[in-house]
Amino acid sequence: MDLMNVLTRLVSAFGPSGAEKEISQVIEELARPYVDEISRDTLGSLICRRKGNGPKVMFSAHMDSIGLVATHIDEKGFVHVGALGGVGAQAVLYTPVRFQNDTRGLICRDNRAELDKLKVTDLRVDIGAAGGEAAKKLVQVGDPAVYDASTYLAGDRVVSPYLDDRIACLVLLMAMEQLEETDNDLYFVFSVQEEVGTRGAKTAAWAIDPDYGIAVDVTGVDDEPGSRHTASALCGKGAAVKVMDRSLISSPALVEQLMALAAEKGIPAQRDVLQLGGTDAGPMQATRGGVTAGGISIPCRYIHTPTEMADLDDVRACADLMRAFAASKLKK
Ligand SMILES: [Zn+2]
């Protein structure tokens, strides 16, 4: 698999929370050769299954992205916005954006707002319209917009607006491409609406009723300038095995199992404690009577900015660990 090529396809597909149709079609096309069944649930999560008679393992990577949503169009033609997911106003200022109908623009601000207290409600999208009437022909209230930044390599690290979580969608596809023979009943879920409260994984986990749940997502790092240990993972040090985040404390036996598997197969891995942010692992663990759950994460710098960064060796390590777990002997 040409990683950069597939990643660029995944990142360029439109798919903010609640509007994941385009990205789900792209993933369906990429996943079809590797699985027995593909279905969608009512919310829109894409569920790819490799059938087996053994324990059910659900891997979940969310396919939705953060973005902005139009809340008001003023008489000058500026689009006022709200946040779809965790958007930091300062981090996105003067970022190019696009709406689903390909209307392009950029994020500017109400210049009366103080920069150090900037809120998303102070942001405007300038779509180049001459006035309110012209703008309303292009954008209506409720339309979501996504960052329109590019994907490129800086050394061995990839920079892109939506590594969160398209890089994990790539990890699932990489693992699916080279699955080993196994009795395990494997579900690869590309969930919707994670960024607004892990909603897609909640319904998918209830419907699948898995024995094991593994979220594949990005995780924060402790190696940005001035990092203060709110995250433990380091870029380039391998797959991050989730011990906890704000949505769950992983099943301890599963953490040990994943670390042991990594050691046995020579896959670089590190223990991951993330104090800010949750993942699909939370709703997977808490469904029905409770599920053995944890996560495999890609260390990522500058999460939720239009220029997130991850190391390609870590991406490969995550795919290898996921593949090894998918084929491992598991108890029901
Ligand atoms: Zn994410």
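Every value quoted in this text rests on a predicted model; they were computed, and no experiment measured them.

The rules we used
- Residues numbered from 1 in each chain as written.
- Predicted model: local features only at pLDDT ≥ 70, side-chain atom pairs only at ≥ 80, totals over all residues.
- Heavy atoms only, no water.
- Pairing = 2+ DSSP bridges.
- Helix = DSSP H or I, 4+ residues; strand = E, 2+ residues; numbered from the N terminus.
- Axes fitted to C-alpha atoms, helices over the stretch in contact; angles between N-to-C directions.
- Donors = N, O, S within 2.8 Å, 3.2 Å for Na, K, Ca; no water.
- Tetrahedral: all angles 85-135°; square planar, octahedral: opposite > 155°, others 65-115°.
- Buried < 20%, exposed > 50% of the residue type's maximum accessible area, 1.4 Å probe, protein only.
- Polar contact = N/O pair within 3.5 Å; in protein donor to acceptor, adjacent residues only side chain to side chain.
- Contact = heavy atoms within 4.5 Å.

### Re the sheet that holds strand β6 (residues 96-99)
Where strands meet in a sheet, backbone hydrogen bonds hold them as pairs that are either parallel or antiparallel.
1) Next: Overall, antiparallel pairing links the 6 strands, which are arranged β4-β5-β8-β7-β6-β9 in a closed barrel. Each strand of the sheet is rotated relative to its neighbour by a mean of 45°, with strand direction disregarded.
2) Next: The pairing of strand β4 (residues 67-73) with strand β5 (residues 78-84) spans 6 bridges and is antiparallel. Within β5, the position partnered with Ile73 by the bridge is Val79.

### Some details on the coordination of the zinc ion
1) Next: Distances from the zinc ion to its protein donors, His62 (NE2), Asp164 (OD), Asp217 (OD) and Asp217 (OD), fall within 2.0 to 2.8 Å.
2) Next: The coordination sphere of the zinc ion comprises 4 donor atoms, whose angles at the metal cover 49 to 146°; the geometry is irregular.
3) Next: Each donor residue of the zinc ion belongs to the same chain, with the gaps between them written as H-x101-D-x52-D. Here the residue His62 occupies a position in strand β3 (residues 56-62), and Asp164 occupies one in helix α5 (residues 163-177), the gap between them amounting to 102 residues.
4) Next: Judged by its relative accessible area of 1%, His62 is buried.

### Notes on the side chain of Thr305
1) Next: With respect to the helices and strands, Thr305 occurs in the loop between β16 (292-299) and β17 (308-311).
2) Next: Since its relative accessible area comes to 17%, Thr305 is described here as buried.
3) Next: Separated by 3.1 Å, the side chain of Thr305 and the backbone nitrogen of Thr307 make a polar contact.
4) Next: In this structure, Thr305 is in contact with Ala91, Tyr147 and Pro161, ignoring residues within four places of it in sequence.

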